[in-house]
Amino acid sequence: MQKQQDFKFEFVALMASLMSLVAISIDALLPAIPDIGNALSVTNPRDNQKLITMIFLGLGFGQLIFGPLSDSFGRKPIVYIGFIVFFIASIICVTTKSFEMMILGRVMQGIGLSSPRSLSISMIRDSYSGNYMAKILSIVVMFFILVPVVAPALGQFLLHFFNWESIFYINLLFGVIIMIWFWKRQPETLAKEKQIKFTAHLFIDGTKEFFKHKDAVAFTFISGFITGSFMVYLSTSQQIFQEQYNLADMFPYIFASLAISVGLSTYLNSRFVVKYGMLRIAYISAIAYALISVLYVILFWSGKNPGISILLGFFALQFFAVGFLFGNLRALAMQPLGHIAGIGAAINGFISTVMAVPIANYIGGFVKDSVLPLFIGFSIFGGLSLLIFIALKVKVAKQYYK
């Protein structure tokens, strides 16, 4: 029996805002990456990609700490701790003169942000289930996607009138506003009677329980493959558009237009998922994700970049498929984990992120003067995702929707 199936706009907006801090911390910084590298005396421009990928490493590991704790002490207190870590990390980033300390600060930012990011998923799972949970997640992601539409332009604006440090200060300001909103308006979603007693074995027991649910594990691996290949785009987009295509001034607008493609598909998913089912939509989207990238590889196997309009067309189609995958994959993984929503979301996020970071770092190293390696990555991991879907024998989707 689903606990509640009513739509609460403020709840959705607040959950999206908690997630959006991650997007702001990543996407607003993209135009400033060369400036930060120069300020910190980075000699190899490809090392600048770590300013993006390392925050994901923190996101992955941080969830392992905050998720289990939230199952024992409630969601709200743990979100506050995450905000405090994020504030300290941001101060490190704006005061350091060392690239190594900047990377440490970015990892710590990821650790701090892992709390509101993963626990927003837990709070959604506390409040919803089934395909309606997938609908709510899609709407949350749709709001969340609005951030990448404006964040690079915001970063470019701040960089033009101030300096790269101002981007971190704006992140801090947004963090304070969202934390106050969360404190004032969001009640605790985990009832006292459902809190798990804190013990030294909490994480081990929760992990064992997670791995009992093979479907949750499978969808977590698919999330890792899709997130990893998509993360390559995030970490190399500035290099692709500014260096390979000489479109530095247009970069924020190009990035925004492609983010709209993801946002549109997440919106459509929120409209269709209750009717057609989250697994069916995710399966079809995985097929599209793999086929689009394979088509690009076949057409441009020489490695010569196509015209910008053709590239943007392929990116738009690829990311349109991504929009149908992100929310549904998370909902599919979380569906059987309602009784351990905190640690379930943590392990799901940890595994998918820790898979994604080395994928992004490895493939990103090949994106030098051609976009081809990026689409080869899309093809490989889209294909692996499709194989897992097939191995699951998608007919078992019946248990997820009625």
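On a predicted model such as this, the values are computed, not experimentally measured, just so you know. (Residues numbered from 1 in each chain as written. Predicted model: local features only at pLDDT ≥ 70, side-chain atom pairs only at ≥ 80, totals over all residues. Heavy atoms only, no water.)

Enquirer: Help me understand the overall build of the protein in this model?
Expert: Each helix and strand counted, the protein has 14 helices and zero strands in total. Ordered by position from the N terminus, the helices and strands of the protein form the series α-α-α-α-α-α-α-α-α-α-α-α-α-α. Dimensions of the protein, computed from C-alpha atoms along their principal axes, come out at roughly 55 × 45 × 35 Å. Within the protein, the fraction of its 402 residues that count as buried is 61%. Taken as a whole, the protein presents about 16,300 Å² of accessible surface, with 69% of it coming from carbon and sulfur. Of the side chains in the protein, 29 bear a positive and 17 a negative charge, and the two mean positions are spaced by 11 Å. (Helix = DSSP H or I, 4+ residues; strand = E, 2+ residues; numbered from the N terminus. Buried < 20%, exposed > 50% of the residue type's maximum accessible area, 1.4 Å probe, protein only. Areas by Shrake-Rupley, 256 points an atom, 1.4 Å probe, with all protein chains shown as cover. Lys, Arg positive; Asp, Glu negative; His and termini not counted. Charge placed at Lys NZ, Arg CZ, Asp CG, Glu CD.)

Enquirer: Explanation requested: the packing of aromatic side chains in the structure shown.
Expert: Describing an aromatic ring pair means giving the distance of the ring centres and the angle of the ring planes. Under the definition given, this model contains 34 aromatic pairs. When the ring of Tyr233 is compared with that of Phe255, the centres are 5.9 Å apart and the planes differ by 10°; the resulting orientation is stacked. In this pair, Tyr233 is assigned in helix 9 (residues 214-244) and Phe255 in helix 10 (residues 251-276), connecting sequence segments 22 residues apart. When its relative accessible area of 3% is taken as the criterion, Tyr233 is described as buried. In this structure Phe255 comes out as buried when scored by relative accessible area, which is 3%. The side chain of Lys76 reaches across the aromatic face of Phe182, ending 5.5 Å from its centre. (Phe/Tyr/Trp six-rings, centres within 6.5 Å; stacked < 30°, edge-to-face > 60°. Lys NZ or Arg CZ within 6 Å of the ring centre and 35° of its normal.)

Enquirer: Would you mind showing me how to read the confidence of the model for the protein here?
Expert: Low pLDDT marks stretches whose predicted atomic positions should not be read closely. Of the residues in the protein, 96% reach a pLDDT of 70 or more, and the chain-wide mean stands at 86. Overall, residues 397-402 carries pLDDT values under 50, and its contacts beyond four positions in sequence, including any with other chains, amount to 14 contacts. (pLDDT = per-residue confidence, 0-100. Contact = heavy atoms within 4.5 Å.)

Enquirer: When you look at the pattern of salt bridges in this model, what are you seeing that I'm missing?
Expert: In a structure, side chains of opposite charge can pair up when their charged atoms sit close to one another. Applying the stated criterion across every chain yields a total of four salt bridges. Notably, a salt bridge pairs Glu209 with Lys212, separated by 3.6 Å at the nearest N-O pair. With Glu209 and Lys212 both in helix 8 (residues 202-212) and three residues apart, this pair spans about one turn of that helix. Since its relative accessible area comes to 60%, Lys212 is described here as exposed. Salt bridges sharing common partners tie together Asp71, Arg75 and Asp126. (Salt bridge = Lys/Arg side-chain N within 4 Å of Asp/Glu carboxyl O.)

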